[in-house]
Amino acid sequence: MFGFNPNDILNATKKVVVLTGAGVSAESGIPTFRDPMEGYWAEFDPETLATPQAFRKDPRLVMEWYQWRRNKVLSSAPNPAHFELAEWQKRFRSYTLITQNVDGLHEKAGSRHVLEMHGNIHRLRCQNMHYHAWPEPYEYPAKCHVCSKLLRPDIVWFGENLDLKILAACRAAILGADTFVVIGTSGIVYPAAGFLDAAQKMGKATLVINPDPGSGAQAQYFIKGKAGEVLPQLSHAIDWD
Ligand code: BJW
């Protein structure tokens with residue numbers, strides 16, 4: 001079915017790290033970023049919405065866009081890929097889930113200790129890193145209770161630094177892993193985009209799951225298909241004991 005025996009790289013004795021991207025939430029109805037027809041960047045300009053400069057120039061526009069996106073996420077549900085990846089935390093000797101997604105759907109499906117590289121759309125923060133939940137109902141401009149600065153989504157925009165502790169945890173997990181699995185990411189945005197090559201250079205077994213062979217086909221193993229279909233089949237094919 002896969003062209004290789006999944007038990008060779010995924011079984012209960014393995015230490016596994018999974019990196020996910022927007023493709024994992026596509027089957028939950030959340031658009032990816034770079035799909036040429038339905039991706040966010042097909043309709044919206046990242047420069048005017050997902051950069052610190054955009055927020056300085058027009059904070060209301062940026063907040064309205066994120067409020068719209070958050071409402072979309074709130075009305076969506078995890079799909080079989082999220083649920084299968086949550087199951088995996090019980091299956092392997094060691095397991096770390098890293099995501100670039102900000103939608104929180106992994107946690108909603110039951111995954112714990114997820115390393116969220118790009119933040120979380122359900123949190124707001126000010127420039128002084130005071131964190132807040134979205135006020136319900138939200139009305140622009142929401143300000144920080146501590147320092148009165150304007151609140152923004154706790155999301156890593158282009159040109160912004162990632163949380164160094166989270167990045168260090170991602171790198172340590174990959175360093176300690178036997179197998180690195182990459183699902184549903186175009187592998188364009190750094191630093192996450194560098195993880196697959198780094199894992200290969202470290203001699204880890206690498207597996208990519210993606211409907212587009214252009215996204216990560218350099219991996220040792222590649223499964224062409226949708227995450228919500230492939231992951232349950234893959235789990236079914238593994239001898240877990
Ligand atoms: C399916 C599917 C299905 C569909 N099943 N699959 C080195 C080289 C070059 C540039 C840089 C570099 N280092 C830094 C940069 C600059 C920049 C960058 O990478 N630019 C590139 C565009 C070249 N990076 C940054 O600015 C980062 N900051 C940084 O590096 O600071 C320095 C620093 C680093 C470390 C420590 C300290 C300092 C920040 C990047 C922040 C990215 N933010 C975004 C937007 C967040 C805002 C928001 O959500 O609104 O994060 S960009 C956007 O892309 C979002 C995503 O998380 C990210 C990745 O996208 P993803 O997930 O890959 O989605 P798509 O749409 O690209 O792909 C979807 C995939 O799914 C496709 O492959 C489909 O085929 C597949 N798919 N259906 C499975 N059913």
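Before reading on, note that the structure itself is shown above.
The structure reproduced in this document is the subject of the present report. (Residues numbered from 1 in each chain as written. Predicted model: local features only at pLDDT ≥ 70, side-chain atom pairs only at ≥ 80, totals over all residues. Heavy atoms only, no water.)

Considering helix α10 (residues 227-237)
To keep things clear, this is the line we draw: For the exposure calls, accessible area comes from a 1.4 Å probe over protein chains only, and a residue counts as buried if that area is under 20% of its type's maximum, exposed if over 50%, partly exposed in between. For the purposes of this entry, the term helix denotes a DSSP run of H or I that reaches at least four residues, the term strand denotes a run of E that reaches at least two, and both are numbered from the N terminus. Think of the arc as the fan of directions from the helix axis to the C-beta atoms.
The complete set of buried residues in α10 reads Ala227, Gly228, Val230, Leu231, Leu234 and Ser235. When α10 is viewed along its axis, its buried side chains cluster within an angular range of 165 degrees and face the same direction.

Thoughts on the state of the cysteines
The following threshold applies: The disulfide criterion is simple: two cysteine sulfur atoms within 2.5 Å.
With the rule as written, the count across this model stands at zero disulfides. Take Cys147: it sits in no disulfide, and the sulfur closest to it among the cysteines is that of Cys126, at 3.6 Å.

Description of the site of the ligand
Rule in force here: Note on definitions. A residue lies near a molecule or strand when any single heavy atom of the residue is within 4 Å of it. Under the rule applied, a polar contact is a pair of N or O atoms within 3.5 Å (in protein, one hydrogen donor and one hydrogen acceptor; residues adjacent in sequence only if both atoms are side-chain atoms). Note on areas: Shrake-Rupley with a 1.4 Å probe; residue coverage comes only from the protein chains shown. We call Asp, Glu, Lys and Arg charged. Ala, Val, Leu, Ile, Met, Phe, Trp, Tyr, Cys and Pro are nonpolar, and the rest, Gly among them, are polar.
Taken together, 37 residues form the shell around the ligand, and within it Arg34, Tyr66, Arg69, Thr185 and Ser186 come nearest. For the ligand, an oxygen atom lies 2.6 Å from a polar atom in the side chain of Thr185. Between an oxygen atom of the ligand and a side-chain N or O atom of Asn210, the distance comes to 2.7 Å. Protein chains shield 78% of the accessible area of the ligand, which is 1500 Å² for the free molecule. Sorting the residues of the shell around the ligand by element identifies α1 (23-26), α5 (59-74) and α8 (164-176) as the ones contributing at least two each. Among the elements that line the shell around the ligand, the one with the most residues is α5, at three residues. The residue inventory of the shell around the ligand, partitioned by class, reads 19 nonpolar, 12 polar and six charged.

A word on the pairing of strand β2 (residues 94-99)
Side-chain positions along a regular strand alternate between the two faces of the sheet. Stated precisely, the cut-off is as follows: Pairing between strands is defined by DSSP: at least two bridges between them are needed.
Here β2 lies mainly inside the structure; five of its six residues are buried. Bridge analysis of strand β1 (residues 15-20) against β2 gives six bridges, and the strand direction is parallel. Residue Lys15 lies in a different strand from β2, and its bridge partner there is Ser94. Of the pairings in the sheet, the one linking β2 to strand β3 (residues 115-116) comprises two bridges and is parallel in character. Note on β3: the bridge partner recorded for Ile98 is Leu115.

Here's the deal with the sheet that holds β1
What the six strands build is an open sheet, ordered β3-β2-β1-β7-β8-β9; its pairing is parallel. Only two strands of the sheet have a single neighbouring strand rather than two, namely β3 and β9 (221-224).

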